[in-house]
Amino acid sequence: DAESGDFVESPNPLTEHADIASLEKAVGFKLTCPTLPDGYKADSFIDISGTLAEVFYTNGSDTVCFRMEKGDTADISGDYNVYSVKKTLTAGDTAVTAEGSESINKATWMKNGFVFSLTSETGLTDAAVIAAVK
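Source: prediction; values computed, not measured. (Residues numbered from 1 in each chain as written. Predicted model: local features only at pLDDT ≥ 70, side-chain atom pairs only at ≥ 80, totals over all residues. Heavy atoms only, no water.)

Turning next to the nonpolar core. Counting 28 residues, the largest nonpolar core has Phe66, Val96, Trp109 and Val129 as the members making the most contacts within it. In this structure, phenylalanine 66 is in contact with Leu31, Thr32, Cys33, Pro34, Ala53, Glu54, Val55, Tyr57, Trp109, Phe116, Ser117 and Leu118, ignoring residues within four places of it in sequence. Residues Ile48, Leu52, Ile76 and Val115 belong to the second largest nonpolar core, which totals five residues. (Core = buried A, V, L, I, M, F, W, Y, C linked by side-chain atoms within 4.5 Å. Buried < 20%, exposed > 50% of the residue type's maximum accessible area, 1.4 Å probe, protein only. Contact = heavy atoms within 4.5 Å.)

Taking burial as the measure, the seven residues of strand S6 (residues 94-100) include five buried ones, the bulk of the element. With seven bridges joining them, strand S5 (residues 85-91) and S6 adopt antiparallel strand pairing. Its bridge partner being in S6, threonine 88 is matched across the sheet by threonine 97. Counting the residues between successive antiparallel strands, the hairpin from S5 to S6 contains two residues, one of them, glycine 92, with a positive phi of roughly 65 degrees. Bridge analysis of S6 against strand S7 (residues 104-111) gives four bridges, and the strand direction is antiparallel. From the neighbouring strand, alanine 98 faces S7, where its bridge partner is alanine 107. In sequence, S6 turns back onto S7 through a hairpin of three residues. (Helix = DSSP H or I, 4+ residues; strand = E, 2+ residues; numbered from the N terminus. Pairing = 2+ DSSP bridges.)

Structure follows, in structure tokens:
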């Protein structure tokens, strides 16, 4: 406790997994993973508090973070930057909120009782975001 000066470590909400199958088991739902441009490979599978699935894809020069969670929370991306461009893209029957400056750095959408997000360090094209969501 604080009076005795003891440090109590709070539990880490992040749990790493070896693959998508073990991540799906941990969160209790099947992931609807994005289709990213050639060269991106999934290399990190994490659950956050047992409810949010997070998969990192890298291609050597960019990292894309995909998140999925049950519910209707507006934004689960963890990206709190304010971007100069905010627009709506249409991917099939899904409306995608896309934000960025010269390209898309954050995309969020809802479908079938789940919320999704994609964030990219260097940014994706509109076409790449639409293809990922479809």
